[in-house]
Amino acid sequence: MDTSRIINIVYSDSNFSLNTAKYLKERLISLGYKISDTFDQNAELIICIGGDGSFLRTLHHNNFPSIPIVGINTGHLGFFTEINPNEIDYFLEKYITGDYYIEIINPVIGEICTRNDCIEALGINEIAVKGDKSRTLHLDISVEDHLIQRFSGDGILISTSTGSTAYNYSVGGAIVDPRLNALQVTPLAPINTNAYRCFTSSVIVPSDATIKVHPEYHFEDSIVIVSDGLEHRYFGISEISFRMSDIKLKLLKLKGSNFWTKAIEKFL
Ligand code: NAP
Ligand code: MN
């Protein structure tokens, strides 16, 4: 075997993750792999030990790498994580024999513009647009420059298919099979009165659609943008433009692994 093969191991700080990382490292070294102490861009694989949160943070902190990634679940739910800690040897056997496939997912990108400049945010699960200081948020939402909604409520989520089982699902959004590459706009506590009327269900648009959001500032001019749980506050946003990014994240899946089996195992 080529002894220059490098694997990045990233782990959360629980004792369980630490011990799992130690065992994994020993096994990989005995198989001839090199384990880098820091994140190596030349690695052939990233193994993330933790839960979904660690998985998401690993991708965010390393600038959405194109290296395949697989997770070992020492967290709570583990929707992203493919392997249980007691299956490490089984996984390594499958990895070495190439008994796996790569699922490609695209994060959603939000271009957040104020009068002066624009900043980009990326969400693997979703980007949430929320009001600040618990005030009602008013947003004009357009798809391909057609105004579809004047939304009033707590905010909206722009969720990927991969993220459809996360926050999106908790607020009544649809679970989307990730083979369907789409973006879902899901309202957070939409108001439906004679004063304000807006959609109460999700709206699903295709992968090449652009969703534009223009805030109307009735009270506060600050808006909270949350990308996969990472919160940022912006003042005076004039427009946010969402679309599917070209970034390709490569999730390693074991052959036979299936979205619906996982959904049933984790939810029902
Ligand atoms: P967290 O508060 O620990 O996450 C909440 C739960 O969502 C955890 O059980 C997490 O799994 C799970 N999760 C994450 N991605 C998922 C996915 N694609 N499908 C199904 N479940 C998923 O925060 P976190 O671990 O840093 O994760 C960030 C994500 O939390 C955000 O992207 C957002 O989707 C979600 N979130 C949900 C709510 C809500 O449901 N009300 C509120 C805020 C944020 P683990 O236990 O394995 O970490
Ligand atoms: Mn978590």
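The rules behind each value
- Residues numbered from 1 in each chain as written.
- Chains lettered and ligands numbered in written order.
- Predicted model: local features only at pLDDT ≥ 70, side-chain atom pairs only at ≥ 80, totals over all residues.
- Heavy atoms only, no water.
- Salt bridge = Lys/Arg side-chain N within 4 Å of Asp/Glu carboxyl O.
- Helix = DSSP H or I, 4+ residues; strand = E, 2+ residues; numbered from the N terminus.
- Buried < 20%, exposed > 50% of the residue type's maximum accessible area, 1.4 Å probe, protein only.
- Axes fitted to C-alpha atoms, helices over the stretch in contact; angles between N-to-C directions.
- Parallel < 35°, antiparallel > 145°, perpendicular 65-115°, else oblique.
- Left-handed = near helix turned anticlockwise from the far one by under 90°.
- Contact = heavy atoms within 4.5 Å.
- UniProt positions renumbered as here; feature names shortened; annotations may be inferred.
- Pairing = 2+ DSSP bridges.
- Right-handed = clockwise from strand over helix to strand, strands pointing away.
- Domains from an automatic or database assignment.
- Buried area = accessible area lost by both parts, 1.4 Å probe.
- Polar contact = N/O pair within 3.5 Å; in protein donor to acceptor, adjacent residues only side chain to side chain.
- Nonpolar A, V, L, I, M, F, W, Y, C, P; charged D, E, K, R; others polar.

**Q** When you look at the pattern of salt bridges in this model, what are you seeing that I'm missing?
**A** Two side chains carrying opposite charge are able to pair once their charged atoms lie near each other. This structure, assessed with the given rule, holds 14 salt bridges. In this structure, Asp 89 and Arg 27 form a salt bridge, with 2.6 Å as the shortest nitrogen-oxygen distance. Note that Asp 89 is positioned in helix α3 (residues 88-96) and Arg 27 in helix α1 (residues 15-30), a separation of 62 residues in sequence. Among the residues examined, Arg 27 registers a relative accessible area of 25% and is labelled partly exposed. We note a salt bridge from Glu 216 to Arg 150, for which the minimum N-O separation is 3.5 Å. Here Glu 216 is found in strand β14 (residues 211-216), whereas its partner Arg 150 is found in strand β10 (residues 146-153), with 66 residues between them in sequence. Here the salt bridges share partners, and the residues they tie into one network are Lys 94, Asp 99 and Lys 255.

**Q** Is there a simple way to explain the packing of α1 against α3 in this structure?
**A** For any two helices packed against each other, one specifies the inter-axial angle together with the distance between the axes. The interhelical angle for the contact between α1 and α3, taken along N-to-C directions, is 40°, at an axis separation of 11 Å. The orientation of α1 with respect to α3, classified from their angle, is oblique. α1 and α3 meet at a crossing whose hand is right-handed. Side by side, α1 and α3 meet where Thr 20, Tyr 23, Leu 24, Arg 27 and Leu 28 of the first sit next to Ile 88, Asp 89 and Leu 92 of the second.

**Q** For this particular structure, what's the right way to read the UniProt feature "active site" (unreviewed entry) in the protein chain?
**A** In the numbering used here, UniProt assigns the "active site" (unreviewed entry) feature to Asp 52. Residue classification places Asp 52 among the buried residues on the basis of a relative accessible area of 16%. Dropping the residues within four chain positions of it, Asp 52 is found in contact with Leu 77, Gly 78, Phe 79, Phe 80 and Thr 81.

**Q** Hey, could you run me through the pairing of strand β4 (residues 69-73) in this one?
**A** Regular strands have side chains that alternate between both faces of the sheet. The buried fraction of β4 amounts to five of the five residues, a majority that puts the element mostly inside the structure. Of the two faces of β4, the one carrying Ile 69, Gly 71 and Asn 73 and the one carrying Val 70 and Ile 72 are both buried. Here strand β3 (residues 45-50) runs beside β4; their pairing, made up of five bridges, is parallel. Within β4, the position partnered with Ile 46 by the bridge is Ile 69. Once the chain exits β3 it traverses helix α2 (residues 52-61) before rejoining the sheet at β4, and the crossover so formed is right-handed.

**Q** Looking at this structure, I do not really get the domain arrangement of the protein chain. What am I missing?
**A** One widely used convention gives an interface's size as the accessible area the parts lose upon coming together. With domains assigned, the protein chain is organised as domain 1 (6-105 + 248-267) and domain 2 (108-244). Summarising the inter-unit geometry, the C-alpha centres of domain 1 and domain 2 are found 30 Å apart. Contacts between domain 1 and domain 2 engage 12 residues on the former and 14 residues on the latter. Taking both partners together, domain 1 and domain 2 bury about 1200 Å²; carbon and sulfur atoms supply 78% of that area. Summed over the shared surface of domain 1 and domain 2, the result is zero salt bridges. Where domain 1 touches domain 2, the interface holds two residue pairs in polar contact (both at pLDDT 80 or more). Mapped by element, the contributors of at least two residues to the side of domain 1 that touches domain 2 are α2, β5 (100-105) and α5 (259-267). Tallied by class, residues from the side of domain 1 that touches domain 2 come to 10 nonpolar, one polar and one charged.

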